Amino acid sequence: VMHAMKLLKEDYAKELEILKVELPDASRIPAVRFDVAKELVAKKYNRQIRNPFDLEPEEEALIGQYFKEEYNADFVFVTHYPYLNVSRYCCIPSVSIPLSSIFFRIHDYNALLKKIEDRGMETEGMEQYLDTFKYGMPPHGGLGIGLERLTMQLLGEENVREACLFP
């Protein structure tokens, strides 16, 4: 994130000015464990933890608010996300490492169809998505932040679809 902010400031100052974007401070980014973040937000904002294995959109916003209020931080890095406990049809089970939780998506077309079938899901309406895998998809995955989410925040958009090339 620090590198991205530096790049934007140095190479895209004109575009940022046109869009009236003020870059957030990325000089220090606190890290917090997933479970601790949920507890901090529940306590400070008198909120019950409903799902111990995933973050609700409101919780994500409150975690950001908490770290802004308590640490004057514009970013927070949530670690130890329990992907093993989240049953996502498109993900290969993976592990948490001390720095982050990394997951890998199923990239093999037949394996993806099997996982969908095993979960009792229908492929109707997913044809265009599945075609991407049918014709070849390289191994891929991710951790926490995506450029679309960062762009959404920088532009003050309400929905990540407004910052995606293919929403």
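Here is a short report on the structure shown in this document.

Thresholds applied
- Residues numbered from 1 in each chain as written.
- Predicted model: local features only at pLDDT ≥ 70, side-chain atom pairs only at ≥ 80, totals over all residues.
- Heavy atoms only, no water.
- Polar contact = N/O pair within 3.5 Å; in protein donor to acceptor, adjacent residues only side chain to side chain.
- Helix = DSSP H or I, 4+ residues; strand = E, 2+ residues; numbered from the N terminus.
- Phe/Tyr/Trp six-rings, centres within 6.5 Å; stacked < 30°, edge-to-face > 60°.
- Buried < 20%, exposed > 50% of the residue type's maximum accessible area, 1.4 Å probe, protein only.
- Patch = residues over 30% accessible without salt bridge, like charges linked within 9 Å, V, L, I, M, F, W, Y side chains within 5 Å.
- Areas by Shrake-Rupley, 256 points an atom, 1.4 Å probe, with all protein chains shown as cover.
- Salt bridge = Lys/Arg side-chain N within 4 Å of Asp/Glu carboxyl O.
- Contact = heavy atoms within 4.5 Å.
- Axes fitted to C-alpha atoms, helices over the stretch in contact; angles between N-to-C directions.
- Parallel < 35°, antiparallel > 145°, perpendicular 65-115°, else oblique.

**Let's talk about helix α5 (residues 109–118)**
Measuring from the side-chain oxygen of the N-cap residue of α5 to the backbone nitrogen of N110 gives 3.2 Å; that N-cap residue is D108. In the stretch just after α5, G120 is the one whose phi turns positive, near 75°.

**A look at the packing of aromatic side chains**
Per the stated rule, a full pass over the model turns up three aromatic pairs. When the centroid spacing of 5.2 Å and the interplanar angle of 70° are considered together, the rings of Y66 and F67 count as edge-to-face. Residue Y66 is classed as buried on the basis of its relative accessible area of 10%. Residue class for F67 comes out buried when judged on its relative accessible area of 5%.

**Description of a nonpolar patch on the surface**
Taken together, V1, M2 and I29 make up a surface patch of nonpolar side chains, about 240 Å² in accessible area. Relative to the helices and strands, V1 is located in the segment before α1 (2–11).

**Observations concerning the side chain of R47**
Examined against the element boundaries, R47 turns out to sit in the loop between α3 (34–44) and α4 (57–71). A relative accessible area of 10% means that R47 is categorised as buried. Among the polar contacts made by the side chain of R47, one reaches the side chain of E58 at a distance of 3.2 Å. Discounting residues that sit within four places of it in the chain, R47 has contacts with V41, A42, E56, E58, E59 and L62.

**Let's talk about unusual backbone geometry**
A positive phi is found at K20, a non-glycine position, where the angle reads about 60°. Here K20 lies in the loop between α2 (13–19) and β1 (31–33). Even without glycine at this site, N46 takes up a positive phi of about 50°. Using a relative accessible area of 75% as the deciding quantity, one classes N46 as exposed.

**Overview of the packing of α5 against helix α6 (residues 127–134)**
For the pair α5 and α6, the least separation of the axes is 8 Å and the interaxial angle reads 140°. The angle between α5 and α6 falls in the class oblique. Here Y109, L112, L113 and I116 of α5 lie close against α6, whose contacting residues are Y129, L130, F133 and K134.

**Details of helix α7 (residues 147–155)**
Those residues of α7 that sit buried are L150, M152 and L154. Structurally, α7 contributes buried residues whose contacts are with α1. At the C-terminal side of α7, G156 shows a positive phi close to 70°.

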